[in-house]
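# Topology and contacts: notes
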Amino acid sequence: MKDRLHLALLRHGEWILAAIGLATLVASGPVAAGLLACGLGLAVLGLWRSPAGRVQLLAYLAMRRRPLRRRNATIRAGVSAPVDVRFDIHALPTIRARTETDAWHAAGLVLASERLFQMDLARRRTSARLAELLGPLALDSDRKTVRLGLSAAAEAMLPRLSPLDRALLQAFSDGVNAYLTAPDAPLPFEYRVLACRPAPWTPADSLSILIGLHVALGEGPEAARMHQIMDQTLPAEIRRFLSGQDAKPPLAALSALLARQPAGAPAAPLTAPPAGAASNAAALPAGAMQDGKSALINDLHLPLTLPGALFMLQIELPDQQMTGALFPGVPVLVAGRSEQIAFGVTSLAAVTCRASARHGPATCHPVTLQQRGGAPQEAALWLDAGWPVPDGPEGRWRLQLDILRPDGIDLRLADVLGATSVSRALSHAAQAAAPPLELVVIDAQGRAGRGATRFTAAPQEVAKATANRPLVCANGPHPLSLSPSHPGRGERFKALLRADRPLTPETLEASARDLTLPVLEAWHGLSLEAAAQAGLSPSDQDLLRSWSKTADPGDRATAWITAFAEQARARVLGTYLWPCVAEDPGFILRLNDLDSPALAVIAARPDPVPGGQADWPTLLAEALTKARRALCARHGRHDPRWGAVNAPRPAHPLSPALPLLGAALRWPKGVSPGAEGAVWRTTPDTSIALRLMLHGGPSGPLHYLIPPGQSGWPLDPAAQSQIRAWRQGRALPMGRPGVGGGIRLIPAKDQD
C-alpha cells in the first residue's frame, strides 16, 4: 500500500497538491494556503540546492515527460512508404507496414522509444563498455567481458552473417537512430541523471546483445570450469551420481572420500538452478483438446528485471501477420505466431562452453577501457590457440565458447514464423545458430512437434510435446545438460498434461498455475523426523505438520522446510566436494537438481557422517534449527509467510542514487505466489518473463503476459500495468480495448 501511494504521488503529484491547496484555501482561508505554498516552495528550493537532490529533481521532471506514443507523433524516417504504429492500453504496438524491412525499421524506433536505456546497457555489457556509462563500479564487469573474448566478438562476426541478416540488423538500427535524431523524441530520464546522450545504434550492437543472451541461456564459463574441476578431482562414479546419470549413490566412493578429508577442509557452497532453466512449454495437437483444436502454452522463466526482459509486438504486412516477443535490441521474435505457425521456447541448459587444459603459451591482446569520471584503464585478453584464457598468463584453463566459432551465431530463428508446417518450422530452427533453445510448435493443420536450435535431430510430431525433458540428439554438435529442469516442476507439469480425458483451455491454464511442491514432500518428512530429534516444542512440530504442500503465499511452514532443505543439501553434498575447493577455492556447485542426490545420500545414510557429526539424526536436527535461525535473522520473525520470503526484489540499476523515486524504480511489493519447485515458478530473482497461451491453432485467440509491463518509462501506467495479472498467474488477451497512442513514420522526402 505504501508503494502504491508513493507511485500515485509521483505520477499525479501536481493534481494531488492542487487538491490539497484548494481544500486548505476553502477550509482555512488564504493565509493557510499561502503558508502551505511557501512551505512547498522552500522544500523544493532546499532539494535543488543539494547536488543529490538536484539530480533527483531533474530525474523526476524527465520521468514526467510523455513517451512518444502518447504524442501521436509523425517521425521522418528511412522507410519506403508510410508506416502506422498503434498501441493498446498496455503499450503493445501493432506495426502496419508494406514491407518487412519497413516493419523492422519501425520496430527499432518503437523499441528505442520504450526501452532505449535497457538496450544501451545490454549492448555495453557484452562489448565491455559499461564503465563508460556507469563509472568505476562497472570496471570489473568490463574486465571479465574482455577476458572471455566477448568484447570484440560482434564486430568480428558481423561480416560473416548472410546479406539478409545484415539487412535486417541495419533496418532495425536505422529505426533506433531515427528516434535518436527525431526533434520531439524524449530521451529516457537515465540520461538526464547521467548527463550524457546515447551513442548511435549499429548492427554490431544488436549482435552484441544476442551474444550475451547466448552465453546467459546456456551453461557458460562458470559451469565449464565447474565440470572441469569435478572431472579432475572427483571419482567418475561420484560425478555420474551428482550429474543424475546414476540414481544410486556410490557409498564406497563417498565414504573413501570423507576418510581422506583433511582436518578443517571447507565444504563447497551450492547454488540454486540457473535462472533460465526449465521453463514450461507444451504444444498440443488438435486431438489432445476436447474441442479438437490445437493449443500452445509457454512460460519462459528469466531473471526479474525492471523494466521486463522481453517486449511484445505485432507486425501486419500485406501478405503476413506476426505476433511475438523479442529481447529489446534484437530484431528476432523468440516466441510467437504467424497465420500458419505458433511456437514457444524454453532454455535447454545446453553446454555452450568447455574448459580444457592449456596447449601452449598464451598471447596478450591489450584493451583500453574507458570509464566515466576517471582515467582509462588497461585490460588484457589472453589467447591460447585462439581461445580465451580468463585467468591470464598463469591460468591453466582455456575456454572454448561456441559463440566464438566462425558459425557461432546468426538470425535464422526468424525463419521459423515463415514456415507453413511443423516439420518446416523445426527444420529452420535446427539450422539456426541462436541461443540454445528448445521449441514447441503447432501449425494450422492441427499438428504439434518439438525441436531445438543448433541441433540436427530429425523433427518429430508427437501427440503431446512438453519441453521439460531431455532432448536426445544422436548427431548434434552439443551435448545437453542431463537435468535440464527441476524434476518436481517438470514431472508435475507433464502429469497435468497427461490426463486421460481431453484437455480444455481452462485446465491447460490451470496447469500453469499449479502451486504444489512434490519435491519438498521428502524434505517435509525429514523435517518432522529432525524436529523430534531437536526437541522442538509441540507448537513448532504442529506448524511443520500443518504444511499445505504448496507454495501458497500465506503458508508459514513452506519457508522453514525450504530453508531446511537448503541447509541439509549444503551439509551433505558440499562436504563431499572438498577436493574441488582444494583445487579452486572459488569452486561453487551449480547443478539444476540438487535435491535428488542429497535425498539419495540421506536415505542410504553412509558412514562416516558428513561434517563430522555423530549420526545422521543429529545432522538433520542441526540443519533444521539453523534454518529456523537463518529465517529469523533474515526476516525478523521465526515463521514468516512464504509470500514474504519469496517476494521479488529487483530494482532499476539507478535506484540507489534516486531514493526519493524508489517506488517507481523497484519491483512493487506484494504477495508473489509460486516457488522454485512448483509449475508456477517464482523466486526472489526469477519468474515468468513471458507467458503465451494460444488455443484454436496459430490464428486462434492469443493471451500474453510480460511483467511488470511493456513500457520502460517508470511513471507511465504501462510500466507496471501487468503486475496484478502476473500475481494472479493470468495472461491478458491481445488487443485490450482503449487507446494507448500512436506513431506514424513517413519517408524522409515526404515531410520536406
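Note that the structure is a prediction, hence the values are computed from the model and not measured.

Assigned secondary structure in the chain consists of 25 helices and 22 strands. Across the 752 residues that make up the chain, the buried fraction comes to 57%. Within the chain, residue pairs in contact and separated by at least 24 positions form 71% of the contacts whose partners lie at least 6 positions apart. Total accessible area computed for the chain in this model is approximately 30200 Å², and 56% of it derives from carbon and sulfur atoms.

With that settled, the discussion passes to the environment of Gln 261. With respect to the helices and strands, Gln 261 occurs in the loop between helix 13 (251–259) and strand 4 (280–284). On the basis of relative accessible area, Gln 261 is assigned to the partly exposed category, the value being 24%. Counting along the chain gives 314 residues from Gln 261 to Thr 575, while the straight-line C-alpha distance between them is 9.2 Å. When residues no more than four places from it in sequence are discounted, the contact partners of Gln 261 are Thr 575 and Trp 578.

Across the interface, helix 17 (residues 518–534) lies against helix 19 (residues 557–576) with an axial gap of 9 Å and an inter-helix angle of 90°. If you check the angle between helix 17 and helix 19, you find them roughly perpendicular. Contacts between helix 17 and helix 19 involve Leu 520, Trp 523, His 524, Leu 526 and Ser 527 from the former and Thr 558, Ile 561, Thr 562, Phe 564, Ala 565, Ala 568 and Arg 569 from the latter. Of the residues belonging to the contact of helix 17 with helix 19, the class tally is 7 nonpolar, 4 polar and 1 charged.

Here 3 strands make up an open sheet; going across it, the order is 11-12-13 and the pairing antiparallel. The open sheet has two edge strands with one neighbour each: strand 11 (363–369) and strand 13 (387–388). Across 2 bridges, the pairing between strand 12 (residues 377–384) and strand 13 is antiparallel. Each residue of the ladder has a partner; that of Leu 383, found in strand 13, is Pro 388. Running at roughly 25° to strand 12, helix 6 (residues 139–147) makes contact with strand 11, strand 12 and strand 13 of the sheet.

A word on helix 16 (residues 505–512). Looking at helix 16, one finds that the buried residues are Leu 508, Ser 511 and Ala 512. Seen end-on, helix 16 carries its buried residues on one side only, within an arc spanning 100°.

On to the packing of helix 17 against helix 21 (residues 595–604), then. Two elements in contact, helix 17 and helix 21, have axes whose closest approach is 11 Å; the angle formed by their N-to-C orientations is 30°. Judged by the angle between their axes, helix 17 and helix 21 are roughly parallel. Between helix 17 and helix 21 the crossing geometry is left-handed. Contact residues: Val 519, Ala 522, Trp 523 and Leu 526 in helix 17; Asp 595, Ala 598, Leu 599 and Ile 602 in helix 21. Residue classes in the contact of helix 17 with helix 21 are distributed as 7 nonpolar, no polar and 1 charged.

Here we come to the pairing of strand 9 (residues 341–347). Of all 7 residues in strand 9, 7 are buried; the element is thus mostly enclosed. Here strand 9 shows no split at all, with Ile 341, Phe 343, Val 345 and Ser 347 on one side and Ala 342, Gly 344 and Thr 346 on the other all buried. Note: strand 8 (residues 335–337) against strand 9, 2 bridges, orientation antiparallel. In the sheet register, Gly 336 faces strand 9, and the bridge partner there is Phe 343. Hairpin connection between strand 8 and strand 9: a loop of 3 residues separates the two successive antiparallel strands.

Secondary-structure assignment places Pro 366 in strand 11. In this structure, the C-alpha to C-alpha distance between Pro 366 and Leu 381, residues 15 residues apart in sequence, is 6.3 Å. If we skip the residues at most four places from it in the chain, Pro 366 touches Ala 379 and Ala 380.

For the rest of this paragraph, the subject is the nonpolar core. A general feature of soluble globular proteins is that nonpolar side chains tend to end up buried together. Core analysis: the largest hydrophobic core is formed by 205 residues, its most contacted members being Met 312 and Trp 523. In terms of residues, this core owes the most to one element, helix 4 (residues 100–126), which gives 13 residues. Apart from residues lying up to four places away in sequence, Trp 523 is in contact with Ile 561, Phe 564, Ala 565, Ala 568, Arg 569, Asp 595, Ala 598, Leu 599 and Ile 602. Grouped together as the second largest cluster of nonpolar side chains are 11 residues, Met 289, Ala 295, Ala 512 and Met 693 included.

Moving on, we come to the confidence of the model for the chain. For the chain, per-residue confidence averages 81 on the pLDDT scale, and 84% of positions sit at 70 or higher. This model gives residues 455–487 a pLDDT under 50, and the stretch forms 103 contacts once residues within four places in sequence are excluded.

On to the packing of aromatic side chains. Two descriptors summarise a pair of aromatic rings, namely the distance from one centre to the other and the angle between the planes of the rings. Applying the stated criterion to the full structure yields 3 aromatic pairs. Ring geometry for Trp 523 and Phe 564: centres 6.0 Å apart, planes at 85°, overall edge-to-face. Pair noted here: Trp 523 is in helix 17 and Phe 564 is in helix 19, with a separation of 41 residues, a long-range link. Look at Trp 523 and you get buried, because its relative accessible area is 0%.

As a further point, take unusual backbone geometry. With omega at 0°, the peptide bond leading from Leu 306 into Pro 307 counts as cis. Within the secondary structure, Pro 307 sits in the loop between strand 5 (295–303) and strand 6 (311–317). Here the bond from Pro 707 into Pro 708 is cis, since omega is -5°, no more than 30 degrees from zero. Take Pro 708: it is sitting in the loop between strand 20 (702–705) and helix 24 (723–728).

Helical geometry: 3.6 residues make up each α-helical turn, so side chains three or four residues apart lie on a common side. Along helix 6, the positions that sit buried rather than exposed are Leu 139, Asp 142, Thr 145 and Val 146. Each buried residue of helix 6 lies within a common arc of 125° when the element is viewed along its axis, so the set occupies one face. Buried residues along helix 6 sit against helix 4, helix 5 (130–134), strand 11 and strand 12. Among the residues trailing helix 6, Gly 149 stands out with phi positive, at a value near 80°.

The subject of this paragraph is the pattern of salt bridges. Where charged atoms from two side chains of opposite charge come close, those side chains can pair. A complete count under the given rule lists 30 salt bridges for this structure. Across the pair Arg 124 and Glu 132 runs a salt bridge whose closest N-O atoms are separated by 3.1 Å. Judged by relative accessible area, which is 6%, Arg 124 ranks as buried. A salt bridge links Glu 529 to Arg 605, with the nearest nitrogen and oxygen atoms 3.0 Å apart.

What counts, and where the lines are drawn
Residues numbered from 1 in each chain as written. Predicted model: local features only at pLDDT ≥ 70, side-chain atom pairs only at ≥ 80, totals over all residues. Heavy atoms only, no water. Helix = DSSP H or I, 4+ residues; strand = E, 2+ residues; numbered from the N terminus. Buried < 20%, exposed > 50% of the residue type's maximum accessible area, 1.4 Å probe, protein only. Contact = heavy atoms within 4.5 Å. Areas by Shrake-Rupley, 256 points an atom, 1.4 Å probe, with all protein chains shown as cover. Axes fitted to C-alpha atoms, helices over the stretch in contact; angles between N-to-C directions. Parallel < 35°, antiparallel > 145°, perpendicular 65-115°, else oblique. Nonpolar A, V, L, I, M, F, W, Y, C, P; charged D, E, K, R; others polar. Pairing = 2+ DSSP bridges. Arc of directions from axis to C-beta. Left-handed = near helix turned anticlockwise from the far one by under 90°. Core = buried A, V, L, I, M, F, W, Y, C linked by side-chain atoms within 4.5 Å. pLDDT = per-residue confidence, 0-100. Phe/Tyr/Trp six-rings, centres within 6.5 Å; stacked < 30°, edge-to-face > 60°. Salt bridge = Lys/Arg side-chain N within 4 Å of Asp/Glu carboxyl O.

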